[in-house]
Amino acid sequence: MLAEGQEVFAAVKAIPYDVVLMDVEMPVMKGLEASRKIHQLPPERCPHILAMTANAMGDCEECLAAGMNDYIAKPIRGEQLLNALNGLSPAIGTNPVPTSEEPAVDLKTVEDLRTSMGDDAVVRELAGLFLEDAPRQITLLEDADAAVARRGAHTLKSSARVIGALHLSELAARAESAASEGSRSLVRDLGNEIEIEFARVSRELKKIVGIPRD
């Protein structure tokens, strides 16, 4: 996950990505400017660009004018992202991002936590800490140092299982193994799945433990 538009542009120049998820609001170089610069590259080096914006209705014309292929509204939902990816091209659509039909959060695990803690407020606090820390661990999956990526995956695997996000924990376990084996491409692919699954977990966990949605 890259922090600003100049980093995105440099990455696209160096690596032949199929799809880029471009945040419209980024520091230094914003997503619209980065998209315009990417489209100055040779056509074979221009990936499909999906804009991520909190103001989908207001930003849509600017996004498309900047060369973005489509846009998705924040907070991003797994189904919404999957539909956008499937609509980009036949090549991408035939290999959609995997999703899970399992519940995002295992209710029995949450109930067991409530029983062991004896206090709903403590469970709510644990869930809040998990939701705050998990994005940092997910970011570590992008690190070029395999040991750092493995550590992030391991931490996410453990904390997700504790809070009942069992499918997310399984994905993190696969990322941990891939990082241990030095398979950066697989870690990156799993990182994309993990981001989508975390969005699903976040939405469900907030509902279950009573954390207000953003």
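Since this is a predicted model, take the numbers as computed values, not measurements.

About the thresholds
- Residues numbered from 1 in each chain as written.
- Predicted model: local features only at pLDDT ≥ 70, side-chain atom pairs only at ≥ 80, totals over all residues.
- Heavy atoms only, no water.
- Helix = DSSP H or I, 4+ residues; strand = E, 2+ residues; numbered from the N terminus.
- Buried < 20%, exposed > 50% of the residue type's maximum accessible area, 1.4 Å probe, protein only.
- Contact = heavy atoms within 4.5 Å.
- Salt bridge = Lys/Arg side-chain N within 4 Å of Asp/Glu carboxyl O.
- Pairing = 2+ DSSP bridges.
- Axes fitted to C-alpha atoms, helices over the stretch in contact; angles between N-to-C directions.

Draft legend 1. A look at the overall build of the protein. When helices and strands are tallied, the protein shows 10 helices and three strands. Starting at the N terminus and walking to the C terminus, you meet the elements of the protein as α-β-α-β-α-β-α-α-α-α-α-α-α. By the burial criterion, 43% of the 214 residues in the protein qualify as buried. Restricting the contact set of the protein to residue pairs at least 6 apart, pairs at least 24 apart contribute 59%.

Draft legend 2. The pattern of salt bridges, seen in detail. For the structure shown, the criterion picks out eight salt bridges. Across the pair Glu 197 and Arg 200 runs a salt bridge, and its minimum N-O distance is 2.9 Å. Of this pair, Glu 197 and Arg 200 both sit in helix α10 (residues 184–209), three residues apart, which is roughly one turn of that helix. A salt bridge links Glu 204 to Lys 207, with the shortest nitrogen-to-oxygen separation between them at 3.5 Å.

Draft legend 3. Here's a closer look at the sheet that holds strand β2 (residues 48–53). Pairing within the open sheet is parallel, and its three strands lie in the order β1-β2-β3. Two strands in the sheet have a free side with no partner beyond their single neighbour: β1 (19–23) and β3 (70–73). Across the sheet, the mean angle separating the axes of adjacent strands is 25° when strand polarity is ignored. Pairing of β1 with β2, which is carried by five bridges, proceeds in the parallel orientation. Pairing of Val 19 across the sheet is with His 48, part of β2. Across the sheet, helix α2 (residues 31–38) lies against β1 and β2, angled at about 150° from β1, the strand it touches most.

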